[in-house]
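Notes for the structure review
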Amino acid sequence: MTTVVKEDTWTARRINRTALITMVVMVFAWAVDYIDRFSIGMALPMIGAEFDLSKTQQGWLVTVFALVYMVCQIPAGFLADRYGSRGPMLVTLLLWSAFTAMTGLAGTFGMLLVVRGLFGVCQGLFPAASFKAIAERTTPGNRATVTGVMLSAGGIGAGLAPLIVGPLLMAIGWRHTFFWMAGIGAIIGVIVWTLLPKALPKELSSLPRDETAPPAVSRKQVLKSFVVWKFTLLFCVTNMLNYGLITWVPSYLLETRGLTLSQTGVLAAIPMLVSIGTTILGGWLFDRYFHDHGRWYLSSIAMATVVLLILMVNADSTAEFTLYETLALAVFGMATMAVFGLPLRVLPTEVTGIGMGVMNFGGQVAGAVAPVAMGWLADAFSYTAAFGFLIGTTFLAAVMAFWVPQNPAQFTFPAASPQ
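Just so it is clear, the model here is predicted, and its values are computed rather than measured.

This part covers the pattern of salt bridges. Scanning the entire structure with this criterion turns up 3 salt bridges. Between Glu 50 and Arg 175 there is a salt bridge whose closest N-O contact spans 2.7 Å. Of this pair, Glu 50 sits in helix α1 (residues 12-51) while Arg 175 sits in helix α6 (residues 143-195); the two residues are 125 residues apart in sequence, bridging distant segments of the chain. Assessed through its relative accessible area of 44%, Glu 50 is described here as partly exposed.

It is worth spelling out helix α15 (residues 383-400) at this point. With 18 residues, α15 should reach 26 Å at 1.5 Å per residue; the first-to-last C-alpha distance of 26 Å fits that figure. Close packing links the buried residues of α15 with α2 (55-83), α9 (226-255), α11 (294-313), α12 (318-333) and α14 (352-380).

Many analyses report the size of an interface as the accessible area lost when the parts associate. Domain annotation for the chain reports domain 1 (12-201) and domain 2 (220-410). Taking only C-alpha atoms, the centre of domain 1 and the centre of domain 2 are 18 Å apart. Here domain 1 meets domain 2 over a buried area of about 4300 Å², counting both sides, of which 73% is carbon and sulfur. Of all the secondary structure elements, the ones that give two or more residues to the side of domain 1 that touches domain 2 are α1, α2, α5 (126-137) and α6. Considered class by class, the residues forming the side of domain 1 that touches domain 2 number 30 nonpolar, 17 polar and 6 charged.

Scanning the entire structure with this criterion turns up 15 aromatic pairs. Seen from their ring centres, Phe 51 and Trp 174 are 6.3 Å apart, and the 65° between their planes marks the pair as edge-to-face. In this pair, Phe 51 sits in helix α1 while Trp 174 sits in helix α6, placing the two residues 123 residues apart along the sequence. Exposure remark for Phe 51: the relative accessible area of 16% places this residue in the buried category. Judged by relative accessible area, which is 5%, Trp 174 ranks as buried. Summarising the aromatic geometry, the rings of Trp 376 and Phe 381 are spaced 5.8 Å apart at their centres and angled 80° between planes, so their arrangement reads as edge-to-face. Classification of Trp 376 as partly exposed rests on a relative accessible area of 47%.

Moving on, we come to a nonpolar patch on the surface. A cluster of nonpolar side chains, namely Leu 160, Leu 163, Ile 164, Val 266, Ile 270, Leu 273 and Val 274, defines an oily patch on the protein surface of about 480 Å² accessible area. Elements with a contribution of two residues or more to the nonpolar patch: α6 and α10 (261-290). Looking at the nonpolar patch element by element, the count peaks at 4 residues for α10. With respect to the secondary-structure elements, Ile 270 resides in helix α10. Since its relative accessible area comes to 34%, Ile 270 is described here as partly exposed.

Here we take up unusual backbone geometry. Despite not being glycine, Asp 52 shows a phi value in the positive range, around 55°. In this structure, Asp 52 sits in the loop between α1 and α2. We classify Asp 52 as exposed; its relative accessible area is 69%.

A separate point is the packing of α1 against helix α3 (residues 86-103). Taken N-terminus to C-terminus, the directions of α1 and α3 make an angle of 25°; their axes are 11 Å apart at the nearest point. Here α1 lies roughly parallel to α3, going by the angle between them. The hand of the α1/α3 crossing is left-handed. In this structure, α1 contributes Met 26, Ala 29, Val 32, Asp 33 and Asp 36 to the contact, and α3 contributes Met 89, Trp 96 and Thr 100. Its residues assigned to classes, the contact of α1 with α3 comprises 5 nonpolar, 1 polar and 2 charged.

For the pair α3 and α5, the least separation of the axes is 9 Å and the interaxial angle reads 145°. Crossing of α3 over α5 shows left-handed handedness. Together, Arg 86, Pro 88, Met 89, Thr 92 and Trp 96 of α3 and Phe 126, Ala 129, Ser 130, Ala 133 and Arg 137 of α5 make up the contact between the two elements. Along the lines of polarity and charge, the residues of the contact of α3 with α5 split into 6 nonpolar, 2 polar and 2 charged.

Within helix α13 (residues 336-346), 10 of the 11 residues are buried, which leaves it mostly tucked inside the rest of the structure. For α13, every residue scored as buried is listed here: Met 337, Ala 338, Val 339, Phe 340, Gly 341, Leu 342, Pro 343, Leu 344, Arg 345 and Val 346.

Right, let's talk about the nonpolar core for a bit. Counting residues in hydrophobic clusters, the biggest one holds 111 residues, and the most contacted among them are Met 26, Trp 30, Phe 340 and Phe 387. The element contributing the most residues to this core is α9, with 16 residues. Both of domain 1 (12-201) and domain 2 (220-410) provide at least three residues apiece to this core.

The rules behind the values
- Residues numbered from 1 in each chain as written.
- Predicted model: local features only at pLDDT ≥ 70, side-chain atom pairs only at ≥ 80, totals over all residues.
- Heavy atoms only, no water.
- Salt bridge = Lys/Arg side-chain N within 4 Å of Asp/Glu carboxyl O.
- Helix = DSSP H or I, 4+ residues; strand = E, 2+ residues; numbered from the N terminus.
- Buried < 20%, exposed > 50% of the residue type's maximum accessible area, 1.4 Å probe, protein only.
- Expected span 1.5 Å × (residues − 1).
- Contact = heavy atoms within 4.5 Å.
- Domains from an automatic or database assignment.
- Buried area = accessible area lost by both parts, 1.4 Å probe.
- Nonpolar A, V, L, I, M, F, W, Y, C, P; charged D, E, K, R; others polar.
- Phe/Tyr/Trp six-rings, centres within 6.5 Å; stacked < 30°, edge-to-face > 60°.
- Patch = residues over 30% accessible without salt bridge, like charges linked within 9 Å, V, L, I, M, F, W, Y side chains within 5 Å.
- Areas by Shrake-Rupley, 256 points an atom, 1.4 Å probe, with all protein chains shown as cover.
- Axes fitted to C-alpha atoms, helices over the stretch in contact; angles between N-to-C directions.
- Parallel < 35°, antiparallel > 145°, perpendicular 65-115°, else oblique.
- Left-handed = near helix turned anticlockwise from the far one by under 90°.
- Core = buried A, V, L, I, M, F, W, Y, C linked by side-chain atoms within 4.5 Å.

In structure tokens form, the structure reads like this:
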């Protein structure tokens, strides 16, 4: 007699295949996100020259995006929890491609600020939906690994952006470069929507009752959770490094080290590409060894990064500067899932969107602060002072590691309001 396997039978093979397909699809989506988002860093010298902008004004082109993106995170979490992940991701990918194209049409600095703000609205809907997609399609035991691979796409996108955007800027100018990226982003958006697999049943995507908080956690409880906001502040501090280096290293290499645009693209790409592997490694290490012992892990990584950043700032040659920058980002990449791993493991799937929206809100505070703060420091003092800002925030991350909980039992929510 032949055994009939029903469509809703979730075998181990099907569960793993769902996680794998989801992971690959989300890597593509996040890579496009970061290429579109951080290509502005490569284009800043050309845009600054055309519109006669100071470094502080150039920093505002990144900061205005981050401010709007930041404000959208919590509403985006509500949308992801209300409508799921598939629809919001398609809409946001198509809309941000449209505003990428509109960046190339801006005729004044003021219009550029408006377009970058609208671009921030569109991209702001994406992270919460993507974390929701992971939570819906993975089991708690492999969620940090899958999320680590997804977030490694930040290194892919940030690493490919200089290699792709640099030659395009030289060949066709900054305006037409944004047109090309918009078309590619729209195509990827349709692919993501088409290939994203069916979500797992709730009993597979959630922790057993004895390992987590009571399952009936409301969005209001998540918003009022002091623990969630602790992780939000921690992500704000740790995300300063990525935003600061991605925004200002290209300009530093051009202006201080005297490199060409092509050379700058290659050297700016190397640290980001190296961080891909270490971000994935960090997710695996967290799942395998540190899911209940993240404090010393995160603090040790942050302190090692501080030492490497000090060496970077004091480097005598461009090669030495790039080496220490690469090592700093490679080491710090392993800390990513020490920030996200526990919240993703504990938050019930029904409220993952709002939980990750709150956390990503903190990360985008960094995106709003770091570019303009470092631009002001570079204008008022030097690039050394600007990079010193990142040394301070990374040291703060090492201290804050001991402030957040490190296991599910310590991750608490306020009591539900009486009905």
